[in-house]
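Below are the chains, spelled out letter by letter.
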Amino acid sequence: MVIPAFAFYTIKGKIIDASTQKPLDFVNVALIKHNSQAPSAGVTSDEKGNFTLPQVSSGKYMLRVSFVGYNTLEIPLNVTDRELNMGMIKMFEDSKALKEVEVVGQGTQMKFEIDKKVFSVDQNIASAGGSATEVLQNIPSVDVDNEGNVSLRNNSSVEVWINGKPSGLTAENRAQILQQMPAESIQSIEIMTNPSAKFDPEGTAGIINIVLKKDRKAGYYGSVSAGGMCTDGGKPGAMLGANINYNSSKVDAYLNLGYRAMSFRGGSKTDRYNLSDVDTTTVLNQKNVTNRAFQGLFMRAGVDYHLNDKNTLSLSGFGMFGTGNSSSTIDYLLTDYGTNAILKDYSRTVTESGTRPSMNVSLDYKHDFDDKGSNLMLSASYSHHKRGGDDNYVQEDEYGNKILDITQTVYGENNTMQFKADYTKKFVSAGKIETGWQSTLQHRLSPASAMNNLTNTEVESYYNDFDYHEQIHAGYLTYGNTFFEKLSFQGGLRAEYVARNSTNAFKDASLGLVDSVLNYSPYIKLFPSAYLSYALPNNNELQLNFTRRVNRPRGRYINPFKDYSDSTNISYGNPDLDPEYATAVEFNYLKSWDNHSLSASTYYRFTDQVIQNVSFIRNGTMESTYMNLAKTTSSGVELVAKDRLFKIVNLTSSLNLFYNKLDSSVYSNPYDATITTVIPEQENFSWDAKVMANIVLSKTTFGQITGQYSAPRLIAQGRETPSYSIDLGLRQTFLNRNLSLNLMVRDLLNTRKRNTITWGDGFYQTNESYFHGRMIGLTVSYNFGNMKPKMDKKKQDNQQQDMNFDGSMD
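The structure contained in this document is the topic of the report that follows.

Basis of the calculations
The residue numbering used here restarts from 1 in each chain and proceeds along that chain's sequence as written. Only residues with pLDDT of 70 or above have their local features reported here, since the model is predicted, and side-chain atom pairs are shown and tallied only from 80 upward, although totals for entire chains, interfaces and linings are computed over all residues. Computation of side-chain values covers all heavy atoms of the structure but excludes hydrogens and water. Within 6.5 Å between ring centres, the rings of Phe, Tyr and Trp (the latter by its six-membered ring) count as paired, and their orientation is classed by plane angle as stacked under 30 degrees, edge-to-face over 60, tilted in between. The numbering of helices and of strands both runs from the N terminus, where a helix is a DSSP run of H or I of at least 4 residues and a strand a run of E of at least 2. Note on exposure labels: buried denotes an accessible area under 20% of the residue type's maximum, exposed denotes more than 50%, and partly exposed covers the range between, all computed with a 1.4 Å probe on protein chains only. In this description, strands pair whenever DSSP reports at least two bridges between them. To obtain each axis, a line is fitted to C-alpha atoms, and for helices this fit is confined to the stretch in contact; angles are then taken between N-to-C directions over 0 to 180 degrees. Only buried Ala, Val, Leu, Ile, Met, Phe, Trp, Tyr and Cys residues count toward a nonpolar core, and they belong to the same one when joined by side-chain atoms within 4.5 Å. Any pair of residues with heavy atoms lying within 4.5 Å of one another is described as a contacting pair. What counts as a salt bridge is simple: a side-chain nitrogen of Lys or Arg found within 4 Å of a carboxyl oxygen of Asp or Glu. Patch building starts from residues that exceed 30% relative accessible area and form no salt bridge, then joins like charges within 9 Å and nonpolar side chains (Val, Leu, Ile, Met, Phe, Trp, Tyr) within 5 Å. The Shrake-Rupley method, run with a 1.4 Å probe sphere, supplies the accessible areas, and residue values consider only the shown protein chains as cover.

Take the packing of aromatic side chains next. For any two aromatic rings, the description comes down to two numbers: the centre-to-centre distance and the angle of the planes. A complete count under the given rule lists 15 aromatic pairs for this structure. Centre to centre, the rings of Y462 and Y564 are 4.2 Å apart; their planes meet at 10 degrees, and the pair counts as stacked. Here the residue Y462 occupies a position in the loop between strand 25 (457-458) and strand 26 (464-483), and Y564 occupies one in the loop between strand 30 (540-551) and strand 31 (569-571), the gap between them amounting to 102 residues. By relative accessible area, which is 14% here, Y564 ends up buried. Following the ring pairs from residue to residue traces out a cluster consisting of F264, F294 and F771.

Right, dumping it as structure tokens:
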């Protein structure tokens, strides 16, 4: 079959103020194909008012030119066989423009793109004054549990990035960083369930990219904010924030500051039935009340220097500094199942204090080869995350006698360097080649030691010193093209070379200090990806994609350090863990109407060597570690819709229906091969739903209601019971929306709790836990700056906006 060649053309012009005849920069220029709602291309004008839209295929279009404070222009175009030079496009100021925006109300919470879904955080009133954790809890398909663990489509193997980069976020520090990051610093959340070979394949579920605010508008502008919040049982907290941006033709600069001081009260309740071969023997009832507090400063700054029209140099970074502490009181009651006789009655107090400083700095360079989008991007980044502090364990009997007093000193450090080079070549046709290289070097340290305060001696069993090195070198190549103006495809392959090694030192009563060295064999793995997209009439689109991804265990998953904070449940990592690999196929259907949009996805994911947390009973104590299970199969249907109702309600709704199957497996305790656990084959069907409603109550008053429900679902060795929650938000604006007052209520019904039922050889257990209860917060923010154009009301009544432009189509 001979594939016809298609010609592509360029549209260019210059935008000026109709009254002053001066050029306007940063004006939005969007090209919309006939019978379509979404722009097919878009640019902003430069400091001289010029704009260029390259690689435009023939056909009918609408050119939309818009800028705050000016009437929007919509110019019909017919691209045939030549370049279009629009000449001077005159824009007229409109003093009514801002008022018209107020009548429209809020912007959309979500938009669809070919490889991701983008959710606006500015419209998330219920998260105002909160953290990145609260923001993610309201994003469709995303779940954040009580410990801050993030999952996507019921899969916890997900990568969380900041501004398109991993930024050093790991399973150990992610929860703390997200809790400290102010919601006001976030612009949007991008969900990529099947990223292409261009992206790092880490995370079998995909990538959640947190895009921080960095608007590019002429002039200087910013905001300041302050507020307070309180959770059930916790002390009142406070937040302060400020950000400022400056943009010119040569320099873009920004600075963000956020301070948060919070206090939470959480807890848990556990009932464990210890089983013999024939009957239940004892019952352990455990109640835990935990008070947590932290205070810290989040800072982010950056500058982009435009060397010329084709070269830009950027330096950016963020850092977090602060302290945290917690105090937990755990009451234990062990009784005989048959007689209810009390066998043990004691309590344990665990206090923790420490710091978790983090920082990331990045140096970037971009060179544009042409106006088609061909470019070279170079990047070097370094991240440093550290944690340190003391944990004190005090145990008393039922008479208040101290029977244990141990202080454990823990320290952790993670240093990561990453170097990237990405090259994109766009051809005169719709073809595009992307190729690049990425090298990541990582070093982790985790020493720990402990002292017995009753005897003033070292507790050797608590000693652990884990040192881990890893390097990954990757190269990729992708090619994409469009045929018949409707069919698009992209194929890619990524190859990764992985080398790692670790040492672990521990103390043995008879052997003394023992060093254990693990030299893992280096290996090369391939990660292909493929995408097909077909545009149907009347704003319909079909997409089919395929990817292969990986989840490499690190940190607490492989560190054999033992956590003794709960004397009846000791947890530790497994240094012999292997990576898990997943193959995913996804089919998407997109449909747009004037006031409605729908994304329907069916997905299938097969994962081998699945990593799960498993538990054993050993000498009457439960031990938990991580194991490679057999295989899992997941499939489902996800529906995400956005609707505009009655001109005052914006709805974002999601429904995820999924089926999970976990193959049966048998494995042994790594510290005692005589203890084995058998997990039979498990399968279940489950679903979850989220609805966010933004309501325009008046020109200056906005409300928001968010509800979510999760049906029972399968976990390793058990299941998680249903859960639901409701969040509320209210925003009142003043002074032409420059001043706003936000009231938010998180978890209105106090139901955001995690309930699980687990079982295994020798035990059956129920557990209920929560990080904190209902949260109420009030914040006030003020916007300032000179980015809005001044209104010149002269001649306003005489101006016409219908296709007012001069020039010819050369």
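Quick look at the pairing of strand 46 (residues 754-760) now. Both strand 43 (residues 718-720) and strand 46 contribute to a ladder of three bridges, which runs antiparallel. Within the sheet, the bridge partner assigned to G718 lies in strand 46 and is T758. Alignment of strand 46 against strand 47 (residues 763-770), held across seven bridges, turns out to be antiparallel. For W759, the partnering residue across the bridge sits in strand 47 and is Y764.

Moving on to the sheet that holds strand 5 (residues 59-66). If you trace the four strands from one edge of the open sheet to the other, you get 3-2-5-6, paired in antiparallel fashion. One side of each edge strand has no neighbouring strand; the edge strands of this open sheet are strand 3 (41-44) and strand 6 (73-79). Here the strands of the sheet are splayed against their neighbours by 20 degrees on average, with no regard to which way each runs.

This part takes up the pairing of strand 2 (residues 28-33). Both strand 2 and strand 3 contribute to a ladder of four bridges, which runs antiparallel. Paired with V29 across the strands is V43, a residue of strand 3. The pairing of strand 2 with strand 5 spans six bridges and is antiparallel. Bridging from a neighbouring strand, A30 pairs with R64 of strand 5.

Moving on to unusual backbone geometry. If you check the backbone angles, Q21 has positive phi at about 65 degrees while not being a glycine. The topology assignment puts Q21 in the loop between strand 1 (8-17) and strand 2. Judged by relative accessible area, which is 44%, Q21 ranks as partly exposed. Of note in this structure, N340 is not a glycine but carries a positive phi near 65 degrees. Note on placement: N340 falls in the loop between strand 19 (311-336) and strand 20 (342-355). With relative accessibility at 59%, the residue N340 sits in the exposed group.

V150, M181, I186 and I189 are the most contacted members of the largest nonpolar core, which totals 28 residues. Secondary-structure elements contributing two or more residues to this core are helix 2 (132-137), strand 10 (142-144), strand 11 (150-152), strand 12 (158-162), helix 3 (174-180), strand 13 (186-192), strand 14 (206-212) and strand 19. If we ignore the near neighbours within four places in the chain, the residues touching V150 are L136, V142, D143, V144, S156, V158, V160, R174, L178 and I208. Counting 23 residues, the second largest nonpolar core, distinct from the first, contains I15, L24, I75 and L77.

Moving on to the sheet that holds strand 34 (residues 611-618). Across a sheet, strands are paired by hydrogen bonds formed along the backbone, either parallel or antiparallel in direction. With respect to topology, three strands assemble into an open sheet ordered 31-35-34, the strand pairing being mixed. Strands with a single pairing partner mark the edges of an open sheet, and in this sheet they are strand 31 and strand 34. On average, adjacent strands in this sheet sit at an angle of 30 degrees to one another, irrespective of strand direction.

With that out of the way, let us pick up the pattern of salt bridges. A full pass over the atoms with the stated rule returns 20 salt bridges. In this structure, E470 and R554 form a salt bridge, with 2.9 Å as the shortest nitrogen-oxygen distance. Of this pair, E470 sits in strand 26 while R554 sits in the loop between strand 30 and strand 31, placing them 84 residues apart in sequence. For the pair E470 and R554, one class covers both residues: buried. Between R754 and E720 there is a salt bridge, and its shortest N-O distance comes to 3.5 Å. Placement of the pair is R754 in strand 46 and E720 in strand 43, with a sequence separation of 34 residues. Look at R754 and you get partly exposed, because its relative accessible area is 28%. One network of salt bridges, with partners in common, ties together E202, E470, R494, E496, R552 and R554.

Summarising the element assignment, A530 is placed in strand 29 (residues 523-536). Taking the relative accessible area as the measure of exposure, A530 reaches 35% and is therefore partly exposed. With 51 residues separating them along the chain, A530 and Y479 place their C-alpha atoms 9.7 Å apart. Beyond its immediate stretch of four places on either side in the chain, A530 contacts Q490, G491, L544, N545 and F546.

Let us look at the environment of N559. Within the fold, N559 resides in the loop between strand 30 and strand 31. Judged by relative accessible area, which is 8%, N559 ranks as buried. Linking N559 and D465, residues 94 residues apart in sequence, is a C-alpha distance of 9.1 Å. Aside from chain neighbours lying at most four places away, what touches N559 is S446, N464, F466, Y572 and G573.

On the surface, V224, L697, L730, F734, L735, L741, L743, I776, L778, V780 and Y782 cluster together to form a nonpolar patch covering roughly 930 Å² of accessible area. Counting only elements with at least two residues in the nonpolar patch, the list comes to strand 44 (723-734), strand 45 (739-746) and strand 48 (775-785). Here the nonpolar patch takes four residues from strand 48, the largest share from any one element. Within the element layout of this structure, L697 appears in the loop between strand 40 (682-696) and strand 41 (701-710).

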